[in-house]
Structures are given as structure tokens and as C-alpha cells.
Amino acid sequence: MYIRSLLLCSLLILGALTAPAQSRRRAQLTASQTNSPVPVVAAPQARLLESMGMNSSLMNQVVKFSIYLPPDYYISNRRYPVVYLLHGLGDNETSWVQFGEADRITDEGIKLGELPPMIIVMPNAAASWYVNDYQNKIRYEDMFVQELIPHIDSSFRTRTQREFRAVSGLSMGGFGSLMLAMHHPELFGACAALSAAVRTDETFASIPSERYNTVYAPIFSGPATGQDRLTVTWKRNSPITLAKSAPDGDLIKVRWYMDCGDDDALSLGNAMLHVALLDRKIPHEYRVRDGAHTWTYWRTGLPDALKFIALGFHR
């Protein structure tokens, strides 16, 4: 009898102790969570860094660039191939993302296995045409080679061998990509030029004066007409002239890709560059698609251009 009473008392005490705990638990489960503390979770680091700055002593200013990093950049310790993607006249370091959707296109290509993970650098060049100007005051080419590429290689996990570095661009940037690769085949394994602003000497000499003096004169010659526009600076940087005069060994080092629409005013210059390379028996890919000098053309052309470049990233 005593033992039964003791057990009964113990059960009553246990029930008294656990009932409040159960009530508290029910209250926690049914109460609104609006006032509960929110766990702190670290946000993923950005993979698109826009308008970064690099101090340039050669340009005596800060040079801006945007950079796309591949999806696994922050969860790996590997190094990546790099593509320098150059904008056109009137654009800047944000244009290939804002209008060209380069980040989305590259993400999709990597996800589908059509592209390897890669870094894409989009520098601002203003209206420099990516060259050293005729007065040697705006030294964009020197800055690009001597400062920007080393800065990117030291700041990000790039593969620094030439076969893992490529250059591409549209319009003025297509001109710049061809010129830079022709001048520096030791730095670039591939070049993909979209609607490149390539002109023959004849078409360059006949550009209407108002446009020439606004767009080209500050870089290539100062105010000039006709044959006076064909300065040493123009000849040194003209892709058609370089295709005809650069050493075979230099041109063959680079894998070349050109794409220009059949309704583009620049189609003649691109066709003549194609012929110049054919005459020299320099291997290259040449594309003519239906289209004009538009972002629609460049957005639809970028996937194939990147695929062409990426072939050189494999062994």
C-alpha cells in the first residue's frame, strides 16, 4: 500500500513538472514567428563585379573594368582561362552586360557544358580605339598590355599562359581585339571579332569630314582629309594592313574568328580582311549572318564566338 501511494505521488509530481514544459512547447509551435530572431546567413559573394578601378600610371587616371567570375569561382581554388571582351564606340565597361547579356550567356553555356568555366574582363576604353594615339599621349594599348593584364592576373585566379587568354569585342572593340592580337600574338591564343570596325585605306580616306574629325582624328591623325589620314598610326593599327604585313609566324600563332552581318556597313572591310588572310593562307573562321550593326546581332553571335575561343582552352 505504501509503495502504491509512493508511485502515485511520483506520477503526480512528474505530471506537474512536465505539463508547463509541454504547454511552452505547444506555444512555441503555434505562436507567430514574426518576432523571432532571424538567423544570420552569409550572402554568396558576387560573381559580377562592375566598374572596378585600376590606377594606371600610363593613362594617368583610373581605368574602369567589369569582371565576370564563373559559378564555382568562390568554392574552388583552381585557376581559370580569361577572355578580354571589348566594347564598341559610345559604350563602356558595363555595356556587354547591360545590352549584350554576356554574363547570362556565359552562365548558360557553362551550365550546358558548352563552355568551360572562364573569367571575362570588360574594360572601359572610352573612344580610344584601344590604340596608342598619334601623339602618344593616350597610351591605351600600352596600358592594356603592361598594366591591365598583369593587374587581372595578380588579382584573380587566371591561367597566365597565352593559350588560356583570348580577346574579343564588337565594332570598335572588334577592331581593338584584332589589333591587340596581331601586335601581341605572344599574349593571346585566340581572337573573336564581331562586326569589327575594319576599313580599307580607301574607305577610311573617304569618311565624311564631320564624322572623321569627331571620331577618328583625335586618335589617328588630327584634322585631315583624303590620303593625309593614312598616317603611320593608322597603318600601324589597321587590321587589314597588319594581315598583309605581319610575319606569318605571328599570325599563325593566333586562332582567328570573324563575324559580320550582311546588312552591316562594315561588311566590306571584314570581307577584305578575310581575303587578306586567305591570300596569306592564314587559318581563320569567317562568318556572315543575316543582320546589321545591332545588339541583337552581337547577343546572338557571342555564344558561337565564345565556343570558338573555348576550343583553345582544351588540350
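Everything below is about the structure printed above this text.
Residues numbered from 1 in each chain as written. Predicted model: local features only at pLDDT ≥ 70, side-chain atom pairs only at ≥ 80, totals over all residues. Heavy atoms only, no water.

Across 7 bridges, the pairing between strand 1 (residues 48–56) and strand 2 (residues 61–68) is antiparallel. Looking across to strand 2, one finds that M54 is bridged to V63. A loop of 4 residues connects strand 1 with strand 2, the two strands running antiparallel in sequence, and N60 in this loop sits at a positive phi of about 55°. (Pairing = 2+ DSSP bridges. Helix = DSSP H or I, 4+ residues; strand = E, 2+ residues; numbered from the N terminus.)

Here we take up the packing of aromatic side chains. Two aromatic rings, taken as a pair, are described by how far apart their centres are and by the angle between their planes. Following the criterion strictly, the structure yields 21 aromatic pairs and no others. Aromatic pair Y140 and F144: ring centres 6.4 Å apart, planes at 45°, arrangement tilted. With Y140 and F144 both in helix 4 (residues 140–155) and 4 residues apart, this pair spans about one turn of that helix. There is no split in this pair, since Y140 and F144 are both buried. Through a chain of ring-to-ring contacts, three or more aromatic side chains come together here, namely W129, F175, F204, Y212, Y216, F220 and W234. Residue placement shows R157 over the ring face of Y73; its charged tip is 4.1 Å from the ring centre. (Phe/Tyr/Trp six-rings, centres within 6.5 Å; stacked < 30°, edge-to-face > 60°. Buried < 20%, exposed > 50% of the residue type's maximum accessible area, 1.4 Å probe, protein only. Lys NZ or Arg CZ within 6 Å of the ring centre and 35° of its normal.)

Right, let's talk about the side chain of T106 for a bit. Within the secondary structure layout, T106 lies in helix 3 (residues 102–111). Judged by its relative accessible area of 0%, T106 is buried. Beyond its immediate stretch of four places on either side in the chain, T106 contacts Y68, L115, M118, I120 and L306. (Contact = heavy atoms within 4.5 Å.)

The biggest cluster of nonpolar side chains holds 66 residues, and the ones touching the most others in it are Y84, W129 and F220. Setting aside anything within four residues of it in sequence, one finds Y84 in contact with V121, F144, L148, I149, I152, R165, A166, V167, S168 and F188. Counting 29 residues, the second largest nonpolar core, distinct from the first, contains I110, I120, F164 and L306. (Core = buried A, V, L, I, M, F, W, Y, C linked by side-chain atoms within 4.5 Å.)

Here we take up the sheet that holds strand 5 (residues 165–170). Taken together, the 8 strands give an open sheet; going across it, the order is 1-2-4-3-5-6-7-8, and neighbouring strands pair in mixed fashion. Unpaired on one side and paired on the other, strand 1 and strand 8 (284–287) mark the two borders of the sheet. Along the sheet, successive strands turn relative to each other by an average axial angle of 20°, direction set aside. Of the strands in this sheet, strand 3 (82–86), strand 5, strand 6 (190–194) and strand 7 (255–259) are in contact with helix 5 (residues 172–183), which crosses strand 5 at around 150°. Across the sheet, helix 12 (residues 295–311) touches strand 3, strand 5, strand 6, strand 7 and strand 8, and the angle it forms with strand 7 is around 165°. (Axes fitted to C-alpha atoms, helices over the stretch in contact; angles between N-to-C directions.)

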